[in-house]
Amino acid sequence: MQTIKDKYKDYFKGKKYNITTFGCQMNEHDSERISYILEDLGYEKTDDRDQADFILFNTCLVRENAELKLYGQVSSLKRLKKENPDKIISVSGCMMQTSTAREVIVNNHDEVDLIFGTKNINSLPDLIYKYLESGERVVDISSDDVKDDFVKYNNKNDFQAYVNIMRGCDNFCSYCIVPQSRGREESRRPSAILAECENLVKDGFKEITLLGQNVNSYGNKADFNMTFPQLLEKISQIPGLKRLRFTTSHPKDLSDELIEVMKNNDNICKFFHLPLQSGSSKVLKDMNRKYDQEKYIERAKKLKREIPELALSTDIIVGYPTETEEDFQETLKVCREVGFDQAYTFKYSPRPKTRAAKLEPIDETIVQDRFDRLLDTIYPIFNEKNKEYIGKTVEVLLESVSKNNPQVLTGRTDSFKLVHVKADKSLIGQFVKVKITDNTSFTISGDLVE
Ligand code: SAH
Ligand code: SF4
Ligand code: F3S
């Protein structure tokens, strides 16, 4: 009997796909999985969206601007779809996991043919067949993927890979929509994660980044016995793995055990992303973050004391509804006291159905003013931190050609510093030594040694 797969065997030949990814590394990694699935069907990748036969937007809704951008980009395809009805336009990701955002697409965007979620990526081929068979829009947000699935993906290159260790989030920070969209926290089994990492190293991957919304709570609710530090150490012991990173780590349960494991294993990168959100203990309480200023500073200082070469980065939200000028001053104080190497800074954005969305927002001009003052405070600190690298020789994994200068390559140090260096393209994917001669607040640069 002819299967549906046989029927469409030749359909995908010569057809092209294009994916636009919004949001965090979780979404980037999901797009890598989707890309693998589409190529397995027969699609080829194109960077030109207008040329693509399958156009996908993998969406984020953590802040309103990501959401608005998506609506704009989807609308711009209305004409293309009208002129080429055979093109398949698809939307996936976190926005589709919440009914409010999904309904906007379902009700106002006829040009969209296929909608799926973050938990049924493996069923994508079936959803495409269903659409081809019926010619009717398909909307499917089921959760068919097994959390321990051995997933295959197209990595962004052949030396760096992401590995999911858990999905979802149980923290319900008052401002955050992620627990609604990605669902409850579930940890993958250590055996599945280790097998995936071992295979990557066997395939020549040099750097692995472990992903989870709060890696420190790995295994907490599981029926197996393994903490995050134990898992991290096991992975770091895979022979041949050069660099191991992880994100994101919630300050409330950053353990001494994790600091020890980082300190004692050379291939665990000396970089820590520890989101502060606010420096005010009152605002932190309102945000439901479950730590206060004192605890944050204590954890950050302990990290730096135990691992002096460590670089520290953070996330900060400015203008949370209950934030006063005095609270904001506390955020500036923590920034000065801790001395971050880098920070992702956001203006608070109310998200539907979160607890904070019920609160009266602060006047936009006040928020903007605080935001500007925050940057004025932290950029000089970043600059100072980067200046400390001048004169030092660092090991850099070269990643790509610089966007601004084709003769310059960019890469990262173990401490995640972005490095610019003049070098030949053939060195991409290699470790090189760079003597640092210059810096900005965001980059360091220098010359190849040897
Ligand atoms: N799980 C990670 C964060 C994922 S979201 C953690 O807890 O650290 C990434 C960042 O987006 C958050 O750290 C926060 O700084 C920011 N963010 C989340 N919701 C936001 C909102 N409603 N408005 C502004 N920034 C927000
Ligand atoms: Fe959002 Fe908080 Fe979960 Fe991070 S820990 S994803 S900020 S709810
Ligand atoms: Fe990531 Fe955005 Fe979803 S930050 S988890 S893609 S809402």
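Residues numbered from 1 in each chain as written. Chains lettered and ligands numbered in written order. Predicted model: local features only at pLDDT ≥ 70, side-chain atom pairs only at ≥ 80, totals over all residues. Heavy atoms only, no water.

(A) Structural detail: helix α13 (residues 325-338). Its 14 residues give α13 an end-to-end C-alpha distance of 20 Å, which sits within 8% of 20 Å, the value for a rise of 1.5 Å per residue. In this structure, the buried residues of α13 make contact with α11 (281-286), α12 (293-306), β13 (311-318) and α14 (364-387). Where α13 ends, the next residue or the one after it, Gly-339, has phi of about 70°, a positive value. (Helix = DSSP H or I, 4+ residues; strand = E, 2+ residues; numbered from the N terminus. Expected span 1.5 Å × (residues − 1). Contact = heavy atoms within 4.5 Å.)

(B) Examining the site of ligand 3 more closely. Taken together, Gly-23, Cys-24, Asn-27, Cys-60, Leu-61, Val-62, Cys-94, Arg-182 and Gln-213 make up the full set of residues near ligand 3. Taken together, the residues that form the shell around ligand 3 break down as five nonpolar, three polar and one charged. (Near = heavy atom within 4 Å. Nonpolar A, V, L, I, M, F, W, Y, C, P; charged D, E, K, R; others polar.)

(C) Broad picture of unusual backbone geometry. The amide bond that connects Thr-247 to the next residue, Thr-248, takes the cis arrangement and shows omega of 0°. Although it is not a glycine, Gln-277 sits at a positive phi angle of roughly 70°. Counting through the fold element by element, Gln-277 comes out in the loop between β12 (271-273) and α11. In this model, Lys-290 sits at a positive phi of 65°, which is unusual for a non-glycine residue. Tracing the chain through its elements places Lys-290 in the loop between α11 and α12.

(D) Quick peek at the pairing of strand β16 (residues 408-413). Most of β16 is tucked away: six of the six residues are buried. Here strand β15 (residues 393-401) pairs with β16 via five bridges, running antiparallel. Residue pairing across strands places Leu-397 opposite Arg-412, the latter belonging to β16. Remark: six residues form the turn of the hairpin made by β15 and β16, two consecutive strands paired antiparallel. Here β16 pairs with strand β17 (residues 418-422) via five bridges, running antiparallel. Directly across from Gly-411, in β17, lies its bridge partner Val-419. Taking the residues that link successive antiparallel strands as the turn, the β16-β17 hairpin has four residues, and the phi of Phe-416 there is positive, at about 70°. (Buried < 20%, exposed > 50% of the residue type's maximum accessible area, 1.4 Å probe, protein only. Pairing = 2+ DSSP bridges.)

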